[in-house]
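Residues per chain, in single letters:
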Amino acid sequence: MCVGLPAKVVQMKKGTAIVDATGARREISTELLDNVEPGDYVMVHAGIAIAKITADDRTETQELMQGLMA
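Here the residue index of a chain counts from 1 through its sequence in written order. Only residues with pLDDT of at least 70 get local features here, since the model is predicted, and only at 80 or more are side-chain atom pairs given and counted; chain-wide, interface and lining totals rely on the full set of residues. No hydrogens and no water enter the side-chain calculation; it runs on all heavy atoms of the structure.

1. Quick word on the nonpolar core
Point 1. Put simply, a nonpolar core is a bunch of buried Ala, Val, Leu, Ile, Met, Phe, Trp, Tyr and Cys residues held in one set by side-chain atoms that sit within 4.5 Å of each other. For every residue, the accessible area (1.4 Å probe, protein chains only) is compared with the maximum for its type, and the residue is labelled buried under 20%, exposed over 50%, or partly exposed between those bounds. A7, V9, A17, V19, I28, L33, V36, V42, V44 and A49 form the largest nonpolar core, which has 10 residues in total.
Point 2. Any pair of residues with heavy atoms lying within 4.5 Å of one another is described as a contacting pair. Not counting residues within four places of it along the chain, the set of residues in contact with V36 comprises V9, M12, T30, V42 and K52.

2. Digging into the layout of surface pockets
Point 1. The pocket and cavity definitions rest on a 1 Å grid over protein atoms only: a 1.4 Å probe that fits but cannot leave marks a cavity, an open set with protein on both sides within 12 Å along at least five of seven lines marks a pocket, and residues lining either have an atom within 4 Å of a point. Grid points are joined across faces, edges and corners, and a volume is the space filled by probe spheres set on the points. The computed volume of the largest pocket comes to approximately 160 Å³.
Point 2. Along its surface, the largest pocket is lined by L5, P6, A21, T22, Q62, M65 and Q66.
Point 3. Of all the secondary-structure elements, those providing two or more residues to the lining of the largest pocket are β1 (5-13) and α1 (55-69).
Point 4. Broken down by element, the lining of the largest pocket gets its largest block of residues, 3 residues, from α1.
Point 5. For the lining of the largest pocket, the per-class residue count stands at 4 nonpolar, 3 polar and no charged. A run of H or I in DSSP counts as a helix once it spans at least four residues, and a run of E counts as a strand once it spans at least two, with each numbered from the N terminus. Here the term charged refers only to Asp, Glu, Lys and Arg, the term nonpolar to Ala, Val, Leu, Ile, Met, Phe, Trp, Tyr, Cys and Pro, and the term polar to all other amino acids, Gly among them.

Scope: geometric values only; no functional claims are made or implied.
As structure tokens, this is what we get:
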């Protein structure tokens, strides 16, 4: 099973972004997506943003993941 994690885009660079995923900041590729800007939420898998998501999607995903870890 593959797991994507939600993250908030903090800063953009050419083809990459710095994202915050529950306090951990990482540099990821944004090559698969168009129009990613700071403040957007993305789903990240294997260091690549695979989809833009809403803040509600982020919250729901985090709640599901916390339930699985409990």
